[in-house]
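Survey of secondary and tertiary structure
The residues making up each chain are set out below.
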Amino acid sequence: RGFLSASWERRVMSLSAFLDQHGAGDGGDGDGDGGRLPLDILSHHIYPLGAGDGRQMVARSLDPKKLDSAVGKLKAAARVINASSSGLVAPAVSESGGAYNSGQRGVTDGFVSSFWFNDLLGALARHGHAFGCRQAILGGHYALLDLRRRQPAPDFYSLLLWRRLMSPKSLRVVKLKRVLRAASGLAAAPLLNISSAEPDGAEEEESGGNHRAGITAPLLRAYAHCARSSPGHAAHAASGDDSPTLNAWGGVAVLLLNLAPSITHGVGLAGLARTDAPPPRLDFLLTPTRAGLRAPRVALNGVELRAAADGTLPPLPPRRSSGSTVELPPLSLGFFVFPD
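Quantities reported herein were computed from a predicted structural model and do not represent experimental measurements.

A count of helical and extended segments in the protein chain gives five helices and 19 strands. Sorting the 340 residues of the protein chain into buried and exposed places 51% on the buried side. Of the accessible surface of the protein chain, which amounts to about 15800 Å², a share of 51% is contributed by carbon and sulfur atoms.

In structure tokens, the structure reads:
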């Protein structure tokens, strides 16, 4: 199953090893009917960090230029496939594990892998990919499940939170040039505007893509989706409980990544509050443990996540908060859900 698709139906899919501006690679031949591709989906592979035996892999994982390069490839693939098929064929990623040749221990199986992986999740949805597949569930140094430790990798929990919180509907996030006054000890806080429409002339300022000079916080990346519906939310509302629930009335979920090693960002999120009152918020903040970035460990809201001896996964409770300004510590990422 892909990590973006909400459901799966039978489709005709082809793998294209080469995608360029001249056509949709080796899967791009038409069927004789005006050049129309006899396919529903054309997939490709992407490994943002390069070869698994490469050097300075941690630095690559935190380099916004590396992440931007991967985003650019996704955008180009979508453009080529859409142009070659008149929009009738959807792009998809059928394999990605960070670094090819089985990844690298202490990188693609560590907490630091969370940055390229979550950025890729957001970019896939933003650039029209039908789904993405992680390499791999088992095997290599990029596996989501570590059989030796009998524990999920940090990326497993990221993927689980994505599936629980983010719907397939991607929203536009734009970094505005306006800067909010920073709180004590915080970096100057960028204002992120979230909307379903595409603002005029905002393409170059879009978060998660190439950053224009003068835009604040180049090491801050952001994606937003309609929040995924939560089973039973209607019954919850009917019970009279006024605590925030996931997407009770059409909420928004925001993914923020802070690549900065020493800066805490106070991020202002515009376009979310319906009233003057601070909006309720559910925080799922992911940080490294004391073992560091390379360790295959992750903490949710300060508590390390560990499966039980029988394989039972730990609960993933949010921290309940409010307000449209989020504090993001150095080298952390988080899902922030505005239920209403």
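Turning our eyes to something else, we now look at the packing of aromatic side chains. Applying the stated rule across the entire model yields four aromatic pairs. Residues Phe-156 and Tyr-157 carry aromatic rings whose centres are separated by 5.7 Å and whose planes lie at 85° to one another, so their mutual orientation is edge-to-face. Tyr-157 matches Phe-156 in its accessibility class, with the two residues each being buried. Here the basic side chain of Arg-134 rests over the ring of Phe-117, its NZ or CZ set 4.7 Å away from the ring centre.

A contiguous nonpolar surface patch, about 390 Å² in accessible area, is contributed by Ile-137, Leu-138, Leu-145 and Leu-147. For Leu-147, a relative accessible area of 63% translates into the label exposed.

This next bit is on unusual backbone geometry. With an omega of 10°, the peptide bond between Gln-135 and Ala-136 qualifies as cis. Examined against the element boundaries, Ala-136 turns out to sit in the loop between strand S6 (132-134) and strand S7 (145-146). Positioned with a positive phi, Asn-301 is a non-glycine residue whose angle comes to about 50°. Mapped onto the elements of the fold, Asn-301 is located in the loop between strand S15 (299-300) and strand S16 (303-304).

The next subject is the packing of helix H3 (residues 113-126) against helix H4 (residues 154-165). With their axes 9 Å apart at the nearest point, H3 and H4 run at an angle of 25° to one another. What the angle tells us is that H3 and H4 run roughly parallel. The handedness of the crossing between H3 and H4 comes out as right-handed. The segment H3 lies against H4, with Ser-113, Ser-114, Trp-116, Phe-117, Asn-118, Leu-121 and Gly-122 engaging Pro-154, Asp-155, Ser-158, Leu-159 and Trp-162. Tallied by class, the residues present in the contact of H3 with H4 amount to six nonpolar, five polar and one charged.

Counting 48 residues, the largest nonpolar core has Leu-62, Phe-115, Leu-255, Phe-284, Leu-286 and Phe-335 as its most contacted members. Taken together, the elements giving at least two residues each to this core come down to helix H1 (57-61), helix H2 (64-85), H3, H4, strand S11 (220-227), strand S12 (252-258), strand S14 (280-287) and strand S19 (332-338). The contacts of Leu-255, once residues within four sequence positions are left out, are Asn-118, Trp-162, Met-166, Arg-221, Ala-222, Tyr-223, Leu-333, Gly-334 and Phe-335.

Let us look at the side chain of Arg-221. Relative to the elements of secondary structure, Arg-221 occurs in strand S11. On the accessibility criterion, Arg-221 (0% relative accessible area) is buried. One polar contact links Arg-221 to Asp-119, side chain to side chain, over a distance of 2.6 Å.

Turning next to the environment of Gly-292. Within the element layout of this structure, Gly-292 appears in the loop between S14 and S15. Expressed as a C-alpha distance, the spacing of Gly-292 and Phe-111, which sit 181 residues apart in the sequence, is 7.8 Å.

If you trace the backbone, Ser-167 turns up in strand S9 (residues 166-180). For Ser-167, a relative accessible area of 11% gives the class buried. Remark: the alpha-carbon pair of Ser-167 and Ala-224, spanning 57 residues in sequence, is separated by 9.6 Å. The contacts of Ser-167, once residues within four sequence positions are left out, are His-225, Cys-226, Ala-227 and Arg-228. At 2.7 Å, the side chain of Ser-167 forms a polar contact with the backbone oxygen of Cys-226.

Here we come to H4. If you check H4, its first and last C-alpha atoms are 17 Å apart, about what 12 residues at 1.5 Å a residue would give, namely 16 Å. Judged by how many residues are buried, H4 sits mostly within the fold: 10 of 12 residues are covered.

Reading the values: rules and limits
Residues numbered from 1 in each chain as written. Predicted model: local features only at pLDDT ≥ 70, side-chain atom pairs only at ≥ 80, totals over all residues. Heavy atoms only, no water. Helix = DSSP H or I, 4+ residues; strand = E, 2+ residues; numbered from the N terminus. Buried < 20%, exposed > 50% of the residue type's maximum accessible area, 1.4 Å probe, protein only. Areas by Shrake-Rupley, 256 points an atom, 1.4 Å probe, with all protein chains shown as cover. Phe/Tyr/Trp six-rings, centres within 6.5 Å; stacked < 30°, edge-to-face > 60°. Lys NZ or Arg CZ within 6 Å of the ring centre and 35° of its normal. Patch = residues over 30% accessible without salt bridge, like charges linked within 9 Å, V, L, I, M, F, W, Y side chains within 5 Å. Salt bridge = Lys/Arg side-chain N within 4 Å of Asp/Glu carboxyl O. Axes fitted to C-alpha atoms, helices over the stretch in contact; angles between N-to-C directions. Parallel < 35°, antiparallel > 145°, perpendicular 65-115°, else oblique. Left-handed = near helix turned anticlockwise from the far one by under 90°. Contact = heavy atoms within 4.5 Å. Nonpolar A, V, L, I, M, F, W, Y, C, P; charged D, E, K, R; others polar. Core = buried A, V, L, I, M, F, W, Y, C linked by side-chain atoms within 4.5 Å. Polar contact = N/O pair within 3.5 Å; in protein donor to acceptor, adjacent residues only side chain to side chain. Expected span 1.5 Å × (residues − 1).

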